[in-house]
Amino acid sequence: MSAAVWGDLGKVSALQADFVQVQTRKILKRPLESRGTVRFTRPATLVWSVLTPMRSTFSLEGQKATMDVPDVGVHEVIDLGAVPDANRLATSLMVWLAADAAAVERDFTAEYRQAPASVRLVPREPRLAALVSDMTLDLAESPWRVAGVHFSEPGGDVVDIVFRGVILDGKAVPDPGP
């Protein structure tokens, strides 16, 4: 399964999708739901745009991270080359989007499950593990793609993301079941 998954993911040069993200955090009275769009283009460009509840855009392009929150006037650019911990976090979290199987195996312990199809990634790097306990990628077939992501944090907070309306290299793919 692992070779087929990373092989299909590695063939994609551009991805775009809608997402629903639910953050369950101890500091929140109830889960926070966000909706937006994501775009990924090889080799390493990611644009994560939240449309609700508050507009924001986070982008990664090479060694530059940009955060925009127009409703409150925030615009920040980070040179990842100058901030090693931020660079390591961004690089480690991008390896699964880039479908770099060697980097996934280097940076994470990977546990593959057949049904439902998923891969659980546990960070090997202690600094990343202090931020993210594990990531589970829920997979959909034909072609293999990430249909959802579950992040667990060391303090017990979780973030769940579901992708719909996925377009791979300009072609729409059917949404998986519920």
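Here is a short report on the structure shown in this document. (Residues numbered from 1 in each chain as written. Predicted model: local features only at pLDDT ≥ 70, side-chain atom pairs only at ≥ 80, totals over all residues. Heavy atoms only, no water.)

Looking at a nonpolar patch on the surface
Next, step 1: Taken together, the side chains of Ile27, Leu28 and Leu32 present a nonpolar region at the surface, about 290 Å² in accessible area.
Next, step 2: Along the chain, the position of isoleucine 27 falls in the loop between β1 (14–24) and β2 (32–41). (Patch = residues over 30% accessible without salt bridge, like charges linked within 9 Å, V, L, I, M, F, W, Y side chains within 5 Å. Areas by Shrake-Rupley, 256 points an atom, 1.4 Å probe, with all protein chains shown as cover. Salt bridge = Lys/Arg side-chain N within 4 Å of Asp/Glu carboxyl O. Helix = DSSP H or I, 4+ residues; strand = E, 2+ residues; numbered from the N terminus.)

Section: the nonpolar core
Next, step 1: Counting 41 residues, the largest nonpolar core has Trp6, Trp96, Leu121, Leu137, Val146 and Phe163 as its most contacted members.
Next, step 2: Not counting residues up to four positions away in its chain, the partners in contact with phenylalanine 163 are Ala17, Asp18, Phe19, Val38, Trp48, Val146, Ala147, Gly148 and Val149. (Core = buried A, V, L, I, M, F, W, Y, C linked by side-chain atoms within 4.5 Å. Buried < 20%, exposed > 50% of the residue type's maximum accessible area, 1.4 Å probe, protein only. Contact = heavy atoms within 4.5 Å.)

As for the packing of aromatic side chains
Next, step 1: One pass over the structure, following the stated rule, counts 2 aromatic pairs.
Next, step 2: Between the aromatic rings of phenylalanine 19 and tryptophan 48, the centroid separation amounts to 4.0 Å while the plane-to-plane angle is 20°, which identifies the pairing as stacked. One end of the pair, phenylalanine 19, is in strand β1; the other, tryptophan 48, is in strand β3 (residues 45–52), and 29 residues separate them in sequence. You'll find phenylalanine 19 and tryptophan 48 in the same group, each marked buried.
Next, step 3: Taking 6.4 Å as the distance between ring centres and 90° as the angle between the ring planes, the aromatic pair formed by tryptophan 48 and phenylalanine 163 counts as edge-to-face. Of this pair, tryptophan 48 sits in strand β3 while phenylalanine 163 sits in strand β11 (residues 158–168), placing them 115 residues apart in sequence. Per residue, the accessibility class of tryptophan 48 equals that of phenylalanine 163, and both read buried. (Phe/Tyr/Trp six-rings, centres within 6.5 Å; stacked < 30°, edge-to-face > 60°.)

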